[in-house]
Amino acid sequence: MDTRYEAAGVERRWQEYWEAEGLFDADPDADRPTYVIAVPPPNVTGALHMGHALNGTIQDVLVRWHRMRGYNALWQPGYDHAGIATQNVVEKELNKQGTSRHELGREAFVERVWAWLEEYGGIIMGQYRRLGASLDYRRERFTMDEAYSRAVLQFFVHLHEKGWLYRDNRIVNWCPRCETAISDLEVVHETVVDHLTSIRYPLVGREGAITIATVRPATMLGDVAVAVNPGDERYRDLVGARVRVPVVDREVDVIADDRIEVDFGTGALKVTPGHDQLDFEIGRDHELPELTVIGLDGRMNDDAGEFAGLTQEETEQRLVRLLDEQGLLESREPYEHSVGTCERCLSRIEPLLSVQWFCDMEDLARPAIEVVENGRVRFHPEQQGVVYLTWMRSIRPWCVSRQLWWGHRIPVWYCGCGATLVATTAPQSCAECGGGDLRQDEDVLDTWFSSALWPFATLGWPDKTEDLASFYPGNVNSTAREIIFLWVARMIMAGLELVDDVPFEDVIIHSTVLAPDGRRMSKSLGTGIDPLGVIDEHGADATRYGLCKMSSTQDVRFSYGFIEEGRKLANKLWNVSRLIVGSLPEGTAAEARPATLEERWILSRIAAARAEVDDALARFDFAALAQVLYRLTFDDFCDWYAEAIKPRLHESDPNTCATALYALERLLSLLHPVMPHVTEEVWHHLPDHEGTLIRAAWPDAGGADRDEPAEDVFVRLREIATTYRRSGVVASLDGLDDDARRVLATVVRLDGATPTGDVDAELERLDAEIARAEQMLGNEKFVDRAPEEVVGAEREKLERYRRERDALGR
């Protein structure tokens, strides 16, 4: 083995080898239990960010763990076509070339997108390889592939036949920059300061006025009513009266509606059904006209009269001046509120009336709610399941159409006779009149519509394939909390509806990795950290370990300290492996032949750690997993066991060498899911290794029994060492046999040591610690309210302090 561990070369070599040898591949013919990671695919135009790196690490740890446990594990690679994002990228390139998609035409533009993707798309899979992700890369899928596209169109036809899809003129979130409707879930709300303008609407035929307050004066040009709460005493006598909308001089009714908040603003709402979701719903219920005065470009349209062509800001300035001149401007003051913006381009969203395709969600949502309520699908942490259920129980119709050219074109054709035809393939003639003059819908489907099918469309659905039979349903979905509604919910609904089963049983909502200063990671804020840069500097294994270590809560600050801890752990493992491998005589075979205290103890510790690793992975607690592996490797194996056996290793003692090799093999196996490259490299330097570690068997529970007496002795030895290293005080060695004293002398070098510490000072320190711990544990509020692990840790410390004090003999 080389003196130094060079992560970059080792990681690249093993990743290429594993993939070339098909060691990541799942086999539908294998007679083994399956384990399937069913996760949302990444954006085809995207690059690896820290959230991807954390999620990829989590998924890879799970799939490697199950692969070693004998499962036929599938982690499906691929991309979604990212309709809006991809079209925006290509349009920017066209703009640089002095042209546009409209000049090219639809067919030529789509060809240009394919050409761009051929050259620049899909880089993220290469970046996942850098991370060490063991996806089954030969199965790579794309949501725009021919077979996948057929599944998407089949889904649309299925929903239409069920009567759940319909076309309607309704309020949507319109992005003027992207020129398309977007989902509620793609709207990012930002806090801004606008002006709250209070305007008097004069009563018709009587004295007085009703004052309304608005942050969007430009929309008053489309007002069709003023609404008040029927229980509001201030306006009860005005319900049924008419008021005049200023500037446009339109007379409208005062109506009563329970949805009006009495204590918001003046309690009177200007109703503009064409530009607000609540106003739209009130308008439909009261059968009000639906006027739109803002166009698709965000400017005032022709129905805005003299204001046509102006921006909303320009219109607001003119209106304020006119209102003031007419004596109808009551007040105008700064007002902080939340506004919706497009998550891709950050433009303000316009609530606009638009003819779109919608999917009624109630029947789809009902069984998807039940499977979470009855535990067939479990969220980790549990509170995220509550978030899911809250959203699902109030789910709204889904706008599935997008005004794009890149994506799955809606499979609907219109005939001049008024017929609408829905089919997976283009009809040759109208089913009603027999005419052939058919026009396909110009819109495409929402990207999430196609991605909802990922867990089974990648396996061949709607055909009944061998892959579908073998690998559906899956087991685990790991994702970020903002994806719960975009993908997780829709995958569950689609799976239950189309394949009659859930796509996964467990949903891991992983941590959100923040910048070190606590702000969100963002290129625009300058707070983003490139995971590839971290890998370049510290290695993939160190990065994976560090990400696991920092994934303890829902919001975590990125820590280079944890990454560096991972790098040191890899180096420590490499060095202790060199020590053992370099000391083995030829012909040494791995075998548990413990003859000394430290050998019985390390085998017991490895057995205990194996159980702890299995438990942490079963609970999806990756921070606890990293902590167990660190303690086992750094503290137990390297600092105590290896140091204790070093003299006998140098003497090539047969029992010591065989046991050391056996213990090292099991340690490498436990570390492999988190740190695959360094462990595989060491594995291939072992004298009796067979095959690859990635396909080696996971250590079984019966490999070595727990030796509690040995562990109890080592607890005392470590406490003696801790006291000595901290204070120079040598605690009593009474009761320790020669074997234990030998270990202590070898590791801590107490043999002949002269006590240099102040025993009284150490006793005083321990008494203070004991008093502090007893006070905390005597506090009922702390015991009842603090997390169980915090209370448990405090009890362990108290016991340790008492043992250390007793060991000082006073």
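Scroll up to find the structure this text is about.
(A) View of the overall build of the chain. Scanning the chain from N- to C-terminus turns up 27 helices and 25 strands. Expressed along its principal axes, the backbone C-alpha trace of the chain runs to roughly 105 × 65 × 50 Å. Taken over 810 residues, the chain has a buried fraction of 54%. Summarising the internal contacts of the chain: among those between residues at least 6 apart in sequence, 77% fall at separations of at least 24.

(B) Representation of the packing of helix H10 (residues 362-373) against helix H15 (residues 484-498). Between H10 and H15, whose axes approach to 9 Å, the crossing angle comes to 105°. Classified by the angle their axes make, H10 and H15 are roughly perpendicular. When H10 is examined against H15, the residues Leu364, Ala365, Pro367, Ala368 and Val371 are found in contact with a partner set consisting of Ile492, Met493, Leu496 and Glu497. Across the contact of H10 with H15, the residue classes tally to eight nonpolar, no polar and one charged.

(C) The arrangement of the pattern of salt bridges in detail. Inspection of every chain in the model, using the stated rule, returns 58 salt bridges. Connected through salt bridges with shared partners, the residues Asp25, Asp136, Arg138, Arg139 and Asp467 form a single ionic network.

(D) Looking closely at the packing of aromatic side chains. In this structure the tally under the stated criterion is 26 aromatic pairs. Seen in terms of ring centroids, Tyr5 and Trp574 are 5.2 Å apart; in terms of plane orientation they differ by 40°. Their pairing is tilted. Taken together, the residues span a long stretch of sequence, with Tyr5 in the segment before helix H1 (7-20) and Trp574 in helix H18 (residues 560-583) at a distance of 569 residues. Judged on exposure class, the residue Tyr5 and its partner Trp574 are both buried. Ring pairing ties together the aromatic residues Trp14, Tyr17, Trp18, Phe24 and Tyr137, which thus form one cluster. Over the aromatic face of Trp65 sits the side chain of Arg69, whose NZ or CZ is 4.1 Å from the ring centroid. Over the ring of Phe358 we find Arg170, and its NZ or CZ is 5.7 Å from the ring centre.

(E) Region of the structure containing the pairing of strand S14 (residues 350-359). For S14, a buried count of nine out of ten residues is recorded, marking the element as mostly surrounded by other parts of the structure. Alignment of S14 against strand S16 (residues 398-399), held across two bridges, turns out to be antiparallel. Paired with Cys359 across the strands is Trp398, a residue of S16.

(F) A look at the sheet that holds S16. Spatially, S6-S5-S14-S16 is the arrangement adopted by the four strands of the open sheet, whose pairing is antiparallel. Two strands bound the open sheet, and with one partner strand each, they are strand S6 (180-182) and S16. Most of the contacts of helix H8 (residues 277-285) go to strand S5 (residues 165-175), to which it runs at about 145°, and overall it touches S5 and S14.

(G) Just the environment of Pro787, in detail. Relative to the helices and strands, Pro787 resides in the loop between helix H26 (780-785) and helix H27 (788-807). Residue classification places Pro787 among the partly exposed positions, given a relative accessible area of 43%.

The rules behind these values
- Residues numbered from 1 in each chain as written.
- Predicted model: local features only at pLDDT ≥ 70, side-chain atom pairs only at ≥ 80, totals over all residues.
- Heavy atoms only, no water.
- Helix = DSSP H or I, 4+ residues; strand = E, 2+ residues; numbered from the N terminus.
- Buried < 20%, exposed > 50% of the residue type's maximum accessible area, 1.4 Å probe, protein only.
- Contact = heavy atoms within 4.5 Å.
- Axes fitted to C-alpha atoms, helices over the stretch in contact; angles between N-to-C directions.
- Parallel < 35°, antiparallel > 145°, perpendicular 65-115°, else oblique.
- Nonpolar A, V, L, I, M, F, W, Y, C, P; charged D, E, K, R; others polar.
- Salt bridge = Lys/Arg side-chain N within 4 Å of Asp/Glu carboxyl O.
- Phe/Tyr/Trp six-rings, centres within 6.5 Å; stacked < 30°, edge-to-face > 60°.
- Lys NZ or Arg CZ within 6 Å of the ring centre and 35° of its normal.
- Pairing = 2+ DSSP bridges.

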